[in-house]
Each structure stands twice: as structure tokens, then as C-alpha cells.
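Residues per chain, in single letters:
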Amino acid sequence: MQPPFRTASQLALTAVFVVVGIVAESSRAAAAPLHPFGLTVEAGAPDLVGLRLTVRPRPWLRLNVGPVTDLFSAGLSAGFTLIPLRSLVSPSFTVDGGYLFDGDTRGIPR
């Protein structure tokens, strides 16, 4: 029985074909049209919960806004994300912020 790769050059050539196939697949996936709307579930420790509507007006920009709660009061949160590269792995820059309105916690033991 022969080994699958007889020489180092065959092994190197196979590796090149595998890498080219992976790069071509990731660039094809990056070029595919993206859905412009989405939902984001937000959970923070110990008690923040939120749901955001996400809009993607451009492939490199995501805007989001939605309600949040800390189980005692309601609030709003919003943010944006910049994605400079369209590839399988890419850095991103995200800014999020929010505000919780005053809540009534009387009657809750400390």
C-alpha cells in the first residue's frame, strides 16, 4: 500500500489547493448578500436583559436600538458596530450605550 503523499512537493501542492479552496469559499461567503435586519438578545450579570433591533444599512455598519430592563425599571439602549473587513475573521469596533429610568424598589428586602 502506498502512502497518500509520496513526496513533500505533493504534500505542499495539496496544502496549497486546500488553502485556495478555503479562501475562495470565505470570499464567496463574504460577497453573499446579507440580511438587512436582525434581532440581538442582550443579557448582563446580574440582572440586565434586553432585545435590540439591528439594521445593516451598509455591509460595514450595524445600527441597533431596543428596550432593556434590570427587572425593576425599564430603559433604552442603542449602539453601532463598524466592520472594516469583509472576511471570515475580521476586527470590529462597537460602541453601545443606554439609560435605565428610575424604578420603584420599595418593599424589596435588602
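In case you missed it, the structure is sitting above this.
Rules of the game
- Residues numbered from 1 in each chain as written.
- Predicted model: local features only at pLDDT ≥ 70, side-chain atom pairs only at ≥ 80, totals over all residues.
- Heavy atoms only, no water.
- Helix = DSSP H or I, 4+ residues; strand = E, 2+ residues; numbered from the N terminus.
- Buried < 20%, exposed > 50% of the residue type's maximum accessible area, 1.4 Å probe, protein only.
- Contact = heavy atoms within 4.5 Å.
- Areas by Shrake-Rupley, 256 points an atom, 1.4 Å probe, with all protein chains shown as cover.
- Pairing = 2+ DSSP bridges.
- Axes fitted to C-alpha atoms, helices over the stretch in contact; angles between N-to-C directions.
- Polar contact = N/O pair within 3.5 Å; in protein donor to acceptor, adjacent residues only side chain to side chain.

A few words now on the overall build of the protein chain. The secondary structure content of the protein chain amounts to one helix and five strands. When the helices and strands of the protein chain are read in sequence order from the N terminus, they spell out α-β-β-β-β-β. Within the protein chain, the fraction of its 110 residues that count as buried is 14%. When contacts within the protein chain are restricted to residue pairs at least 6 apart in sequence, those whose partners lie at least 24 apart make up 24%. Accessible area of the protein chain: about 8700 Å², with a carbon and sulfur share of 68%.

Next up on the list: the sheet that holds strand β5 (residues 93-100). Reading across the sheet, the five strands line up as β1-β2-β3-β4-β5 and stay open at both edges, with antiparallel pairing between neighbours. Each edge of the sheet is formed by a strand with only one pairing partner; in this case those strands are β1 (37-44) and β5. On average, each strand axis in the sheet is tilted by 20 degrees relative to the strand beside it, whichever way the strands run. For β1 and strand β2 (residues 48-58), the ladder comprises eight bridges, and the chain directions are antiparallel. Residue pairing for β2: Gly 44 is matched across the bridge by Leu 48.

Moving on, we get to the side chain of Ser 73. Within the element layout of this structure, Ser 73 appears in the loop between β3 (61-69) and β4 (74-82). Taking relative accessible area as the criterion, Ser 73 reaches 10% and is therefore assigned buried. Within polar-contact distance, the side chain of Ser 73 engages the backbone oxygen of Phe 101 at 3.1 Å. Look past the residues within four positions of Ser 73 in its chain and what remains in contact with it is Val 68, Leu 100, Phe 101, Asp 102 and Gly 103.

Summarising the element assignment, Asn 64 is placed in strand β3. Overall, Asn 64 belongs to the buried group, its relative accessible area being 12%. A distance of 2.5 Å separates polar atoms of two side chains, one belonging to Asn 64 and the other to Arg 52. Look past the residues within four positions of Asn 64 in its chain and what remains in contact with it is Arg 52, Leu 53, Thr 54, Ser 77, Ala 78, Gly 79, Phe 80 and Asp 96.

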